[in-house]
Amino acid sequence: MDDGTSQYYLTASMDSGKSFCSLLKAIQFQENAVFCAMPEGLKLTVEEGKCVQASAYIPADNFTEYHVRDDVDVLFKISIAVLTECLNIFGASEESSLKMYYRSEGSPLLLVLQPQSVHNVMTDCEIATQTADSILELKDEDSSEIAKLVLKATACGGLLADLERSCDVIELNLSPDHPNVSIITYGMQDRSCIDVPKSSDMVESFSCDKPVTLRYQLPHIRLIMKALAISSKVVLRCSSNGLLLLQLKLEKEDQRQMFSEFYIVPLLDD
C-alpha cells in the first residue's frame, strides 16, 4: 500500500526541532548550506573559502519518521539563516514538532511546525532551494591519522576563550612525551603557550605515535565555539597531510546523538 511518501524525495518528522535548530546555528557562518538527505540521515554543509568545511549531521534515528527515495540524489542548496529562522518561528523556548517534505528537484523544502503547548496552532513554511554547488573533497584517502585527542567540550571552550584575541595563528604540538599537547598562539607582538598533558582532567583520551607540529588560522578554529557550547565532547583528529578534523557530539535528553564536524586546512610552511 502506498503511504503517500513515495511522491516525495524526502519525508521526515521529529517530536522537537530544538536540537536540530541549535546544531544548524552552530555551523551558521555562511548564508547557504548544501542539504543532503541520505538513508542514514541528514547532512548540512557550509564552507569558508577553501579552508574550512563544517557539517551538521542528524542521524535518521533522531526522527520519528524518516523516508528518503533511494533512486534519486536528494541534494540542494538552501539558506541556512532562513531554515533556522523557520525552525525557531514559535520562539527559542518553545518546543515544536517538525515535519519536513521535499517533493522533487527544484521544489521548495516544506516545513510544518506545531508548538507542543498549543495543539490547535500550526504553521507551514516553504523555503526556496537551488542546485547545490560542488563540495570540496578535503578527505585524502592516502593520508593516515597520526594523532587523536578527545577533550571535554566545556574545558575545550574555556581553553579557546583564554587564547589571546589579537593572535591570528595557532600551533599545535602533539607528542607521545610529556606535556603531550602544547598550544602556541602567535600575533603581531604576542606569543603564548598552554600545555595540556594527557593526564589533565579535560583530556578523555590521547594517542600519538610521534611528535607532530601543525599550524592553523586561529579564526578558523574559533568557528567551532558555538558548536562547543552545545556539545559534550570534542574529538580532534590530525591527518598526515595536516588536515584537522574536529568532531563535536551533541547528546540529547533521549540519549540520541547529533554531530557537527569541522575540517580545517593547515597553514603551509613558509
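Scroll up for the structure.
Here goes a summary of the coordinates provided. Since this is a predicted model, take the numbers as computed values, not measurements.

A count of helical and extended segments in the protein gives five helices and 19 strands. Over its C-alpha atoms the protein spans a radius of gyration of 20 Å, differing by no more than 12% from the 18 Å that the globule rule assigns to 270 residues. A total of 270 residues make up the protein; the buried ones form 46% of that total. For the protein, restricting intrachain contacts to residue pairs at least 6 apart in sequence, the fraction spanning at least 24 positions comes to 63%. Surface accessibility of the protein: about 13900 Å² in total, with carbon and sulfur atoms responsible for 47%.

This brings us to the sheet that holds strand β4 (residues 52–59). The strand order β10-β6-β2-β3-β4-β19-β18-β17-β11-β15 describes an open sheet built from ten strands, whose pairing is antiparallel. Two strands lie at the open edges of the sheet, namely β10 (129–130) and β15 (203–208), each paired on one side alone. The strands that helix α2 (residues 80–87) touches are β2 (32–38), β3 (41–48) and β6 (74–79); relative to β6, the one it contacts most, it runs at about 85°.

All right, on to the nonpolar core then. Membership of the largest hydrophobic core comes to 76 residues, with the highest contact counts inside it found for Leu-10, Phe-20, Phe-35, Leu-42, Met-100 and Leu-111. The element that contributes the greatest number of residues to this core is helix α1 (residues 18–26), accounting for five residues. Contact partners of Leu-42, with chain neighbours within four places excluded, come to Leu-10, Phe-20, Phe-35, Cys-36, Ala-37, Ala-56, Tyr-57, Ile-58, Phe-63, Tyr-66 and Met-100.

A full pass over the atoms with the stated rule returns one cavity of 30 Å³ or more. In this structure, the largest cavity encloses a volume near 210 Å³. Lining the largest cavity are 16 residues, and of these Leu-151, Cys-156, Leu-172, Ile-183 and Leu-236 sit closest to its centre. The element that contributes the greatest number of residues to the lining of the largest cavity is helix α3 (residues 153–162), accounting for three residues. By residue class, the composition of the lining of the largest cavity is 16 nonpolar, no polar and no charged.

Turning next to the environment of Asn-62. With respect to the helices and strands, Asn-62 occurs in the loop between β4 and β5 (65–68). Considered as a pair, Asn-62 and Asp-254 are 192 residues apart in the sequence and their alpha carbons are 9.2 Å apart. If near-sequence neighbours (up to four positions away) are discounted, Asn-62 is found in contact with Met-14, Lys-252, Arg-256, Gln-257 and Met-258.

A contiguous patch of negative charge, built from Glu-137, Asp-140, Glu-141 and Asp-142, is present on the exposed surface. Its location among the elements puts Asp-140 in the loop between β10 and β11 (145–152). Overall, the relative accessible area of 35% leaves Asp-140 in the partly exposed class.

Two modes of strand pairing occur in sheets, parallel and antiparallel, and in both the strands are linked by backbone hydrogen bonds. Reading across the sheet, the five strands line up as β5-β1-β7-β8-β9 and stay open at both edges, with antiparallel pairing between neighbours. Each having just a single partner strand, β5 and β9 (123–127) make up the two edges of the open sheet. Neighbour-to-neighbour, the strand axes of this sheet turn through a mean angle of 15°, independent of strand direction. When strand β8 (residues 109–115) meets β9, the two strands line up antiparallel, connected through five bridges.

Relative to the assigned elements, Leu-75 resides in strand β6. Sequence separation between Leu-75 and Leu-10 is 65 residues; the distance between their C-alpha atoms is 10 Å. Excluding anything up to four places from it in sequence, Leu-75 contacts Val-34, Phe-35, Cys-36 and Ala-132.

Conventions and cut-offs
Residues numbered from 1 in each chain as written. Predicted model: local features only at pLDDT ≥ 70, side-chain atom pairs only at ≥ 80, totals over all residues. Heavy atoms only, no water. Helix = DSSP H or I, 4+ residues; strand = E, 2+ residues; numbered from the N terminus. Rg over C-alpha atoms; globule rule 2.2 N^0.38 Å. Buried < 20%, exposed > 50% of the residue type's maximum accessible area, 1.4 Å probe, protein only. Contact = heavy atoms within 4.5 Å. Areas by Shrake-Rupley, 256 points an atom, 1.4 Å probe, with all protein chains shown as cover. Pairing = 2+ DSSP bridges. Axes fitted to C-alpha atoms, helices over the stretch in contact; angles between N-to-C directions. Core = buried A, V, L, I, M, F, W, Y, C linked by side-chain atoms within 4.5 Å. 1 Å grid on protein atoms, 1.4 Å probe; cavity = no way out; pocket = protein on both sides within 12 Å on 5 of 7 lines; lining within 4 Å. Points joined across faces, edges and corners; volume = space filled by probe spheres on them. Nonpolar A, V, L, I, M, F, W, Y, C, P; charged D, E, K, R; others polar. Patch = residues over 30% accessible without salt bridge, like charges linked within 9 Å, V, L, I, M, F, W, Y side chains within 5 Å. Salt bridge = Lys/Arg side-chain N within 4 Å of Asp/Glu carboxyl O. Lys, Arg positive; Asp, Glu negative; His and termini not counted. Charge placed at Lys NZ, Arg CZ, Asp CG, Glu CD.

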